[in-house]
Amino acid sequence: MVRAPSPQPPQAVLLDWDGTLVDNWGSIHAAMNATLAAMGLPPWSLEKTREQAKESLRESFPRLVGGRWEEAKDFFYRRFGAGHLSGLRALPHAGELLRALAEQDLFVGVVSNKTGSFLRREAEQLGWEGYFGAIVGAADADRDKPDPAPVRLALAAGGLAPGPGVWFVGDGVVDVDCARRSGCCAVLVRERPPEIEEFGALMPDRHVRSLIELLGLLRGR
């Protein structure tokens, strides 16, 4: 059963990036399959890329290619960096959500496992950088999501600490796991409801089907 978050408005909202606010999976998928080919590995389906790319490269690539992981990381960064801005798309109602959060005078940050430099360039490309008090990506903190370190780093920019008054919003298990480890309220945003087979003991506090539904939740509707 999905638990409801506190009826009190949040002190802060932390947002995942890919799959939550933006769609950049085409660029990620192309760069990943080019990297796999360079490493002599078979290509992935888009669905597998979406599943596997939720972890940061420094967490996932050592398991994927072993001792060649830094070579693979550098190759991926070159390929992804060449085309990630052209393939970037805001998800429906993402801009509306960010404008509404700004009007509520909430601290809003991004915590993503996309490399921080790419993440900040994408926010600038969309004209969104002014909405965020912090944009924290992979390798910005000592550890990456689901470790609490990037959450603490993002909130520190607003003089805040993790707790149930912070809503961590994302579209996958790693986001809910990060919220749990940080002591924040876990809000899952995706059309498909969470299932126990996927989330296990990490069921979110609240599930919404879209960003517009999340907007209504934040407005108390």
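Residues numbered from 1 in each chain as written. Predicted model: local features only at pLDDT ≥ 70, side-chain atom pairs only at ≥ 80, totals over all residues. Heavy atoms only, no water.

**What to know about the packing of aromatic side chains**
We count it as follows: Stacked, edge-to-face and tilted labels apply to pairs of Phe, Tyr and Trp rings (six-membered ring for Trp) whose centres lie within 6.5 Å, assigned for plane angles under 30 degrees, over 60, and everything in between, in that order. To sort residues, take the accessible area from a 1.4 Å probe on protein chains only and compare it with the maximum for the residue type: under 20% means buried, over 50% means exposed, and anything in between is partly exposed.
For the coordinates displayed, the defined rule picks out seven aromatic pairs. Both rings, one in Phe76 and one in Tyr77, keep their centres 6.3 Å apart while their planes meet at 65 degrees; by these two values the pair is edge-to-face. Phe76 gets classed as buried once you look at its relative accessible area, which sits at 7%. The class for Tyr77 is partly exposed, based on a relative accessible area of 25%. What links up through ring pairs into an aromatic cluster is the set Phe61, Phe76, Tyr77, Phe80 and Phe118.

**Section: the environment of Ala31**
Note the following rule: Strands are runs of DSSP state E lasting at least 2 residues, helices are runs of H or I lasting at least 4, and numbering of each runs from the N terminus. Only heavy atoms enter the contact rule, under which two residues are in contact if any of them lie within 4.5 Å.
Looking at where Ala31 falls in the secondary structure, it is placed in helix α1 (residues 25-38). Relative accessible area serves as the criterion here: at 4%, Ala31 is assigned to the buried category. Spatially, the C-alpha atoms of Ala31 and Asn113 are 16 Å apart, while their sequence positions differ by 82 residues. Not counting the four nearest positions on each side in its chain, Ala31 is found in contact with Phe76, Arg79 and Phe80.

**So, the packing of helix α3 (residues 57-65) against helix α4 (residues 69-83)**
For clarity, the threshold we go by: The angle between two axes is taken between their N-to-C directions and runs from 0 to 180 degrees, where each axis is a line fitted to C-alpha atoms and a helix contributes only its stretch in contact. Oblique is the label for any angle not under 35 degrees, not over 145, and not in the 65 to 115 range, which are roughly parallel, roughly antiparallel and roughly perpendicular in turn. Should the near helix be turned counterclockwise from the far one by less than a right angle, the crossing is left-handed, whereas a clockwise turn marks it as right-handed.
The contact between α3 and α4 brings their axes to 8 Å, and the two run at 120 degrees. The pairing of α3 with α4 is recorded here as oblique in orientation. For the pair α3 and α4, the crossing hand works out as right-handed. When α3 is examined against α4, the residues Leu57, Arg58, Phe61, Pro62 and Val65 are found in contact with a partner set consisting of Trp69, Ala72, Lys73, Phe76 and Tyr77.

**Brief notes about the pairing of strand β5 (residues 134-138)**
Selection rule: Pairing between two strands requires that DSSP report at least two bridges joining them. Note on handedness: a crossover is taken as right-handed if, strands pointing away from the viewer, the path from the first strand over the helix to the second is clockwise.
The buried count for β5 comes to five of five residues, which makes it a mostly enclosed element. Sheet analysis places strand β4 (residues 107-115) next to β5, joined by four bridges and oriented parallel. Its bridge partner lying in β5, Val110 is registered against Ile135. Where the polypeptide runs from β4 across helix α6 (residues 116-126) and back to β5, its parallel neighbour, the crossover connection is right-handed.

**Observations regarding the pattern of salt bridges**
The following threshold applies: A carboxyl oxygen of Asp or Glu within 4 Å of a side-chain nitrogen of Lys or Arg is what we treat as a salt bridge.
This structure, assessed with the given rule, holds 14 salt bridges. Between Asp18 and Lys114 there is a salt bridge, with its nearest N and O atoms 3.0 Å apart. Highlighted residues: Asp18 in the loop between β1 (12-15) and β2 (22-23) and Lys114 in strand β4, separated in sequence by 96 residues. With respect to class, Asp18 is no different from Lys114; both count as buried. The shortest N-O distance in the salt bridge between Glu59 and Arg143 comes to 3.8 Å.

**Some remarks on unusual backbone geometry**
Residues Lys145 and Pro146 are joined by a peptide bond in cis, for which omega reads 20 degrees. Checked against the element boundaries, Pro146 lands in the loop between β5 and α7 (149-156). Here His93, not a glycine, exhibits a phi torsion of approximately 75 degrees, which is positive. Inspection of the secondary structure assignment puts His93 in the loop between β3 (89-90) and α5 (94-103). Of note, Ala139 is a non-glycine position whose phi angle comes to about 75 degrees, a positive value. Position of Ala139 relative to the elements: it lies in the loop between β5 and α7.

**Here's the deal with α6**
Which entries qualify depends on this criterion: In this description, one arc is meant: the one made by directions from the helix axis to the C-beta atoms.
The complete set of buried residues in α6 reads Gly116, Phe118, Leu119, Glu122 and Ala123. Viewed along the axis of α6, the buried residues span an arc of 160 degrees, placing them on a single side of the element. Tucked inside the fold, the buried residues of α6 contact α4, β4 and β5.

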